[in-house]
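# Summary of structural features
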Amino acid sequence: MGKGQYIAKRLIQLVITFLIILTILFFLFRLALPDPTAALVMDGLSAEEQAMVRERFGLDRPIVEQYFIYLRNFMRGEFGLSFHYKSPVFPILMEKLFNTLALMLPAIFVSYLIGPLLGVLLSWKRGSNIEFTGIIGGLTLRSAPVFWTGMIFIMVFGIWLGILPTSGMRTLPYEASSNLDKILTLDYLRHLILPMFTIAIYYLGLPMLIMRNTMLEIMGEDFIELCQAKGLSERKIMYKHVARNALLPVVTQAAITIGLAVGGQVVVEVVFSWPGLGREMIQAVRTSDFPMAQSAFMMMAGLVLVMNTVADLLYSYLDPRVVLKGGDK
């Protein structure tokens, strides 16, 4: 199978999978959530007004007709009106997504910058106390609940020392003319530190352990013995030859992690009152705002699929044997 055929196959799989997810989300939310007009009764609506609301949102139509309208609107980029905000869903989701990415991307960058370097060190110091301590530390960080880590940070740096804010993206009240204006401030950076390091510590252990294990496998390859026979220094062999080849699974995992990060660390966003996509999803389910909820899940699923596809394509570029093996199947 050629590379072009492989890419086309992965893109077709992506589209089909996404359509299946769209269908599941549509029926899941309409069958699992209670009548959304029940949430609007709190506004004191009469039975006639509730009927008008149902008609306005298209809820009085047969569910099959609603499904095809849903698909048509999706193709047009219309995600409907939020029952809770009473405004279009798309701009709200974009703002929440930006807030989530503003938190998650720096956290993932830090964890995938430091984690592989520590993995190289652990494999280099194999059998030493450094390796033992690093493995125990990595497993501990990975298994520690993020809400517990976040609460420890809040208690130490926010309450005892009082040097960092413990909630929100900015100190209220504030006015920002754009998303960039919101984050290009020192106040935002101060609010970012605690939740970012809470997430970075959680993600740090995975690339570190993947890098260590992969390097140990590669260190037994014949070409490493050849490098040693040439008289290359141990440092040069580790970083130039071993680490370079061991990065493949780390790069793949990083792409998958970025895709999953779109949903945000819901617990972290709740603990630090971060106005992101994950926190919005909980709010939407709680208020039966299923246009918002299904759009948020749809966006998260779509980006996970895209990043998985990117990881596959990237892997096929870094290791062409993947494409050839796909053709054998």
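Residues numbered from 1 in each chain as written. Predicted model: local features only at pLDDT ≥ 70, side-chain atom pairs only at ≥ 80, totals over all residues. Heavy atoms only, no water.

Before going further, it helps to spend a moment on the overall build of the protein. Along the backbone of the protein there are 15 helices and zero strands. For the protein, restricting intrachain contacts to residue pairs at least 6 apart in sequence, the fraction spanning at least 24 positions comes to 76%. Accessible surface computed for the protein: about 17,900 Å², of which carbon and sulfur atoms make up 66%. (Helix = DSSP H or I, 4+ residues; strand = E, 2+ residues; numbered from the N terminus. Contact = heavy atoms within 4.5 Å. Areas by Shrake-Rupley, 256 points an atom, 1.4 Å probe, with all protein chains shown as cover.)

So, about the nonpolar core. Ranked by size, the top nonpolar core spans 38 residues in total, and within it L103, Y188, I199, M211 and M215 carry the most contacts. When contributions to this core are tallied by element, the ones reaching two or more residues are α5 (89–124), α7 (146–160), α9 (186–218), α10 (222–229) and α11 (234–261). For this core, the element with the most residues is α9, which contributes 11 residues. Beyond its immediate stretch of four places on either side in the chain, M215 contacts V120, S123, M238, V242, A243 and A246. (Core = buried A, V, L, I, M, F, W, Y, C linked by side-chain atoms within 4.5 Å. Buried < 20%, exposed > 50% of the residue type's maximum accessible area, 1.4 Å probe, protein only.)

Moving on, we get to the packing of aromatic side chains. Working definition: an aromatic ring pair is given by the centre-to-centre distance plus the angle between the planes. Per the counting criterion, the structure on display carries 12 aromatic pairs. Ring geometry for Y67 against Y70: centres 6.4 Å apart, planes inclined by 35°, an arrangement best described as tilted. Placement of the pair is Y67 and Y70 together in helix α4 (residues 63–75), with a separation of three residues, close to one helical turn. On the basis of relative accessibility, which here comes to 10%, the residue Y70 falls in the buried class. (Phe/Tyr/Trp six-rings, centres within 6.5 Å; stacked < 30°, edge-to-face > 60°.)

The next point concerns the side chain of E269. Structurally, E269 can be placed in helix α12 (residues 266–271). A polar side-chain atom of E269 sits 3.1 Å from the main-chain amide nitrogen of G278. Side-chain polar atoms of E269 contact the backbone nitrogen of R279, separated by 2.8 Å. (Polar contact = N/O pair within 3.5 Å; in protein donor to acceptor, adjacent residues only side chain to side chain.)

Another aspect to go through is the UniProt feature "transmembrane region" (unreviewed entry) in the protein. Listed under "transmembrane region" (unreviewed entry) in the UniProt record, and renumbered for this structure, are residues 12–33, 101–124, 145–168, 188–210, 246–272 and 292–315. From the first C-alpha to the last, residues 188–210 spans 33 Å; its make-up is 100% helix and 0% strand. Between the C-alpha atoms that bound residues 292–315 there is a distance of 34 Å. The span itself is 100% helix and 0% strand. (UniProt positions renumbered as here; feature names shortened; annotations may be inferred.)

A few words now on helix α13 (residues 277–286). Every buried residue of α13 is listed here: L277, G278, E280, M281 and A284. Within α13, the buried residues cover an arc of 160° as seen down the axis, which keeps them to one side. (Arc of directions from axis to C-beta.)

What describes two packed helices is the angle between their axes and the distance between those same axes. Running from amino to carboxyl end, helix α6 (residues 129–143) crosses α9 at an angle of 135°, the nearest separation of the two axes being 7 Å. With respect to α9, the element α6 is oriented oblique. Helix-helix and strand crossings are classified by hand; for α6 and α9 the assignment is left-handed. Mapping the contact onto sequence places E131, G134, I135, G138, L139, L141 and R142 in α6 and I201, Y202, Y203, L204, G205, L206, M208, L209 and R212 in α9. When the residues that make up the contact of α6 with α9 are grouped by side-chain class, the tally is 10 nonpolar, three polar and three charged. (Axes fitted to C-alpha atoms, helices over the stretch in contact; angles between N-to-C directions. Parallel < 35°, antiparallel > 145°, perpendicular 65-115°, else oblique. Left-handed = near helix turned anticlockwise from the far one by under 90°. Nonpolar A, V, L, I, M, F, W, Y, C, P; charged D, E, K, R; others polar.)

With that settled, the discussion passes to a negative patch on the surface. The grouping of E217, E221, D222 and E225 at the surface amounts to a negative patch. Of note, E221 is situated in the loop between α9 and α10. (Patch = residues over 30% accessible without salt bridge, like charges linked within 9 Å, V, L, I, M, F, W, Y side chains within 5 Å. Salt bridge = Lys/Arg side-chain N within 4 Å of Asp/Glu carboxyl O. Lys, Arg positive; Asp, Glu negative; His and termini not counted. Charge placed at Lys NZ, Arg CZ, Asp CG, Glu CD.)

With respect to the helices and strands, the residue G138 is situated in helix α6. G138 sits in the buried class, given a relative accessible area of 2%. For the pair formed by G138 and L206, sequence separation is 68 residues and the distance between their alpha carbons is 7.6 Å. Among residues more than four places away in sequence, those in contact with G138 are G205 and M208.

So, on to the confidence of the model for the protein. For residues with low pLDDT, the predicted coordinates do not support detailed interpretation. A residue-level look at the protein finds 90% of positions with pLDDT of 70 or above and a mean pLDDT of 81. Considering each helix and strand of the protein separately, the mean pLDDT is smallest for helix α15 (residues 321–328), with a value of 54, and largest for α7, with 90. (pLDDT = per-residue confidence, 0-100.)

On to a nonpolar patch on the surface. A grouping of F147, W148, M151, I152, M155, I159, W160, L161, I163 and V267 is seen on the molecular surface, where their side chains present a nonpolar patch of about 1,000 Å² in accessible area. Per-element tally for the nonpolar patch: the top contributor is α7, with seven residues. The residue V267 is located in helix α12 in this model.

The terminal C-alpha atoms of α6, which comprises 15 residues, lie 21 Å apart, in line with the 21 Å expected from a rise of 1.5 Å per residue. Those residues of α6 lying buried are E131, G134 and G138. Axial view of α6: buried residues confined to an arc of 65°, hence all on one face. Facing away from the buried side of α6 by more than 90 degrees, the exposed set consists of N129, F132, T133 and S143. In this structure, the buried residues of α6 make contact with α5 and α9. (Expected span 1.5 Å × (residues − 1).)

Further remarks concern the environment of L117. Among the structural elements, L117 can be located in helix α5. The exposure class assigned to L117 is partly exposed, which follows from its relative accessible area of 49%. Between the C-alpha atom of L117 and that of P207, which follows or precedes it by 90 residues, the distance is 9.2 Å.

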